[in-house]
Amino acid sequence: MDHQGQLRRAAAEVGIPDDEIGKFTEHLRLAIRLSGGSGDAPVGQFGGLPRLPVGTDWPTAGANPLPFIFSVDCAALPRVDGFGLPSAGSLLFFLAHQEDHLAGATGDRRYARVVYIPADTDTEVAEEPNIPTFVGERYDVFATLVARLPPWMATQDDDDEDEDDLSPFQQQLTRDLERDLPHLEELRALADDLWPPDEGLASADIGGYLDDEVIRSIAEQTLAGREKAGEIVVPVAQWYTQLEKEQHRLTSEWVSLARFSLAEEFYYGSFVIRHDDLAAGRLGEALSVTEFSE
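Small disclaimer: the values here were computed from a predicted structure and weren't measured. (Residues numbered from 1 in each chain as written. Predicted model: local features only at pLDDT ≥ 70, side-chain atom pairs only at ≥ 80, totals over all residues. Heavy atoms only, no water.)

*Asks:* I keep staring at the overall build of the protein and nothing clicks. Help me out?
*Replies:* Secondary structure assignment for the protein yields nine helices and 15 strands. Radius of gyration (C-alpha) of the protein: 21 Å, near the 19 Å computed for a compact globule of 294 residues. Projecting the C-alpha coordinates of the protein onto the three principal axes gives extents of approximately 60 × 50 × 35 Å. Out of the 294 residues belonging to the protein, those deemed buried represent 44%. Expressed as a percentage of contacts within the protein between residues at least 6 apart in sequence, the contacts between residues at least 24 apart total 73%. By element, 48% of the accessible surface of the protein is carried by carbon and sulfur atoms, the whole surface being about 15900 Å². With 23 positive and 55 negative side-chain charges, the protein shows a spacing of 6 Å between the two charge centroids. (Helix = DSSP H or I, 4+ residues; strand = E, 2+ residues; numbered from the N terminus. Rg over C-alpha atoms; globule rule 2.2 N^0.38 Å. Buried < 20%, exposed > 50% of the residue type's maximum accessible area, 1.4 Å probe, protein only. Contact = heavy atoms within 4.5 Å. Areas by Shrake-Rupley, 256 points an atom, 1.4 Å probe, with all protein chains shown as cover. Lys, Arg positive; Asp, Glu negative; His and termini not counted. Charge placed at Lys NZ, Arg CZ, Asp CG, Glu CD.)

Set out below in structure tokens:
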């Protein structure tokens with residue numbers, strides 16, 4: 001479906017200039033929201049036992065099986081412009097969230113796994129690991145689309161934030177938005193009309209933008225790595241400014257593969273990936289970021 005065309009037609013009908021609509025759609029992403037309840041047809045399942053390729057062992061970290069979080073049928077998901085999910089097959093997400101959170105700073109990626117199963121693969125329901133209460137309750141999830149803007153753009157209308165409290169880089173972003181998108185609020189409202197925000201409790205979001213803290217963490221690691229490799233030298237007094245610029249740049253390169261709630265309410269799970277890796281089917285390049293929810 002031509003989602004950008006939908007928005008373009010709706011915006012043109014209220015007189016918003018075409019070049020401004022184009023600038024807005026450069027930033028707009030649609031996320032697939034997965035929720036329980038009811039819908040036209042389920043697109044996946046949370047909990048229960050996954051379907052794995054025949055003869056394939058349950059994913060593990062060492063000798064310990066990884067908890068199965070959820071799976072989706074890619075062919076059943078709504079197609080989203082510019083989001084390179086496989087068009088068929090299944091995606092399965094496994095995560096030991098406490099271990100993954102503790103291992104995050106060390107680069108240890110054993111405790112999180114994204115498994116892609118092509119559509120023509122023979123599968124079977126996996127045998128339950130011999131661990132009490134290991135498997136959560138199974139329920140079906142249904143898909144809706146929701147509009148998403150990058151964190152820096154979504155917060156530009158915060159009336160409680162004085163411009164003097166913003167950094168010079170943030171002030172420049174604000175001025176650029178006011179110049180390029182004078183109808184930002186109208187465009188945001190049109191996007192929300194087409195793809196309404198769901199106020200209910202979602203099980204997961206697929207696609208959209210990375211959480212602000214997650215993209216900041218990636219930016220910090222990227223800058224630190226480039227400094228260590230001798231590619232750049234960032235004076236201490238300019239570190240925060242460089243970090244803001246790097247975070248802004250990386251926002252367009254990365255996409256949220258899945259962000260989901262966990263049975264233990266103090267954590268949330270997140271898998272993120274570069275657009276190029278997703279489009280090329282390199283799902284093994286996805287990174288897991290498990291964080292405290294508060």
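*Asks:* I tried to follow the nonpolar core on my own but got confused; where do I start?
*Replies:* As a rule of thumb, soluble globular proteins bury nonpolar side chains together. Membership of the largest hydrophobic core comes to 53 residues, with the highest contact counts inside it found for Phe 24, Leu 34, Phe 70, Ile 206, Leu 257 and Phe 260. Setting aside chain neighbours within four positions, we find Phe 70 in contact with Leu 34, Gln 45, Phe 46, Leu 91, Leu 92, Phe 93, Ala 204, Ile 206, Ala 258 and Phe 260. (Core = buried A, V, L, I, M, F, W, Y, C linked by side-chain atoms within 4.5 Å.)

*Asks:* Please explain the pattern of salt bridges as it appears in this structure.
*Replies:* Working definition: two side chains of opposite charge can pair if their charged atoms are close together. Going through the model one piece at a time under the given rule, you end up with 16 salt bridges. For Arg 33, the salt bridge is made with Asp 205, and the minimal N-O distance between the two is 3.0 Å. In this pair, Arg 33 sits in strand β1 (residues 29-35) while Asp 205 sits in strand β11 (residues 204-206), placing the two residues 172 residues apart along the sequence. Judged by relative accessible area, Arg 33 falls into the buried class, the value being 12%. A residue is classified by how much of its surface remains accessible, and Asp 205, at 14% relative accessible area, is buried. A salt bridge links Glu 246 to Arg 249; its shortest N-O distance comes to 2.6 Å. Taken together, the positions of Glu 246 and Arg 249, both in helix α8 (residues 239-251) and three residues apart, correspond to about one turn of that helix. (Salt bridge = Lys/Arg side-chain N within 4 Å of Asp/Glu carboxyl O.)

*Asks:* It is not clear to me how the side chain of Ser 167 should be interpreted in this structure. Could you clarify?
*Replies:* By the element assignment, Ser 167 lies in the loop between α4 (151-154) and α5 (168-180). By relative accessible area, which is 12% here, Ser 167 ends up buried. Contacts of Ser 167, omitting those with residues within four sequence positions, involve Tyr 240 and Glu 244.

*Asks:* What should I look at first to understand α8 in this one?
*Replies:* Spacing of three or four residues puts side chains on the same side of an α-helix, whose turn is 3.6 residues. Between the first and last C-alpha of α8 there are 18 Å, a value that for 13 residues agrees with the 18 Å anticipated at 1.5 Å per step. Check the buried side of α8 and you find it contacts β1, α5, α7 (212-228), β12 (254-261) and β13 (267-274). (Expected span 1.5 Å × (residues − 1).)

*Asks:* What should I look at first to understand the side chain of Glu 246 in this one?
*Replies:* Using a relative accessible area of 6% as the deciding quantity, one classes Glu 246 as buried. Side-chain polar atoms of Glu 246 contact the side chain of Arg 249, separated by 2.6 Å. Once residues lying within four places of it in the same chain are set aside, the contact partners of Glu 246 are Ala 219, Thr 222, Leu 223 and Arg 226. (Polar contact = N/O pair within 3.5 Å; in protein donor to acceptor, adjacent residues only side chain to side chain.)

*Asks:* Quick question: what am I supposed to make of the environment of Val 80 here?
*Replies:* Among the secondary structure elements, Val 80 is positioned in the loop between β6 (68-73) and β7 (90-95). Excluding anything up to four places from it in sequence, Val 80 contacts His 3, Leu 30, Ile 32 and Leu 145.

*Asks:* In this structure, what is going on with the pairing of β1? I would like to understand it.
*Replies:* Along any regular strand the residues' side chains alternate between the sheet's two faces. Among the seven residues that make up β1, seven are buried, leaving the element largely enclosed by the rest of the structure. Neither face of β1 is open: one carries Arg 29, Ala 31, Arg 33 and Ser 35, the other Leu 30, Ile 32 and Leu 34, and all of them are buried. As paired strands, β1 and strand β10 (residues 139-148) are joined by seven bridges and run antiparallel to one another. Opposite Leu 34, over in β10, you have Ala 143 as the bridge partner. (Pairing = 2+ DSSP bridges.)

*Asks:* What exactly am I supposed to notice about α7 here?
*Replies:* For α7, with 17 residues, the first-to-last C-alpha span of 24 Å sits near the 24 Å given by 1.5 Å per residue. All of the buried residues along α7 are Val 214, Ile 215, Ile 218, Ala 219 and Leu 223. Taken around the axis of α7, the buried residues stretch over an arc of 165 degrees, which confines them to a single face. For α7, the exposed residues lying more than 90 degrees away from the buried face are Glu 213, Gln 221 and Lys 228. At the N-terminal end of α7, a side-chain oxygen is found 3.1 Å from the backbone nitrogen of Glu 213, two or three residues along, and the residue is Asp 211. Looking at the residues trailing α7, positive phi occurs at Gly 230, about 80 degrees. (Arc of directions from axis to C-beta.)

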